[in-house]
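Residue strings, one per chain:
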Amino acid sequence: MAHLPEDVRASLRFFAFYLANGTLVLDLLEDFDYRPVVMAHGSGLEQVFAIFANVLDVNEAGEVTNYGDAEYRAAQWIRRCCDDSYEVDPPFAGWELELPL
């Protein structure tokens, strides 16, 4: 069985660090302590990681090509949970929100 490429593993590690540290996409989330909302029941955390992983693109060499885009889309979902007036633009596509089985 193959392992995830090192670049993908690093992206997941950085994403998890910034998320848990409260420093994910500061220009979008710095005024919100989103951690209680995301981690309250586990399902929010599950959705955040699903969005990040669904949006993340990896090329044939195993290199992540859009870390910032994947991180930002997950941050938009968090912001929407914390701020009812925030509108996600563009709206999430179904595939971005899918929870893998």
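Residues numbered from 1 in each chain as written. Predicted model: local features only at pLDDT ≥ 70, side-chain atom pairs only at ≥ 80, totals over all residues. Heavy atoms only, no water.

**Quick word on helix H5 (residues 67–82)**
Helical geometry: 3.6 residues make up each α-helical turn, so side chains three or four residues apart lie on a common side. Taking 1.5 Å as the rise per residue, H5 with 16 residues should run 22 Å; its terminal C-alpha atoms sit 23 Å apart, in good agreement. Every buried residue of H5 is accounted for by Ala70, Glu71, Arg73, Ala74, Ala75, Gln76, Trp77, Ile78 and Arg79. In the core, the buried residues of H5 are packed alongside helix H1 (6–21), helix H2 (26–29), helix H3 (35–39), helix H4 (43–55) and helix H6 (94–97). (Helix = DSSP H or I, 4+ residues; strand = E, 2+ residues; numbered from the N terminus. Expected span 1.5 Å × (residues − 1). Buried < 20%, exposed > 50% of the residue type's maximum accessible area, 1.4 Å probe, protein only. Contact = heavy atoms within 4.5 Å.)

**Let's talk about the pattern of salt bridges**
This model, assessed by the stated rule, comprises four salt bridges. The closest approach of N and O atoms between arginine 35 and aspartate 33, which form a salt bridge, is 3.3 Å. (Salt bridge = Lys/Arg side-chain N within 4 Å of Asp/Glu carboxyl O.)

**Some details on the nonpolar core**
Within the largest apolar cluster, 22 residues are counted, with the highest numbers of intra-cluster contacts made by Phe15, Leu19, Leu24, Leu29, Tyr34, Val48 and Ile78. Residue assignment for this core shows that the elements contributing at least two residues are H1, H2, H4 and H5. A per-element tally of this core places H5 first, with five residues. Each residue touching valine 48, except ones within four places of it in the same chain, is listed here: Phe15, Leu19, Val38, Ala74, Trp77 and Ile78. (Core = buried A, V, L, I, M, F, W, Y, C linked by side-chain atoms within 4.5 Å.)

**Observations concerning the environment of threonine 23**
Within the secondary structure, threonine 23 is located in the loop between H1 and H2. Note on threonine 23: relative accessible area 27%, which makes it partly exposed. When the C-alpha atoms of threonine 23 and aspartate 33 are compared, they prove to be 9.5 Å apart, with 10 residues separating the residues in sequence. In this structure threonine 23 touches Tyr18 and Tyr34, once residues within four positions along its chain are discounted. A polar side-chain atom of threonine 23 sits 3.4 Å from a polar atom in the side chain of asparagine 21. (Polar contact = N/O pair within 3.5 Å; in protein donor to acceptor, adjacent residues only side chain to side chain.)

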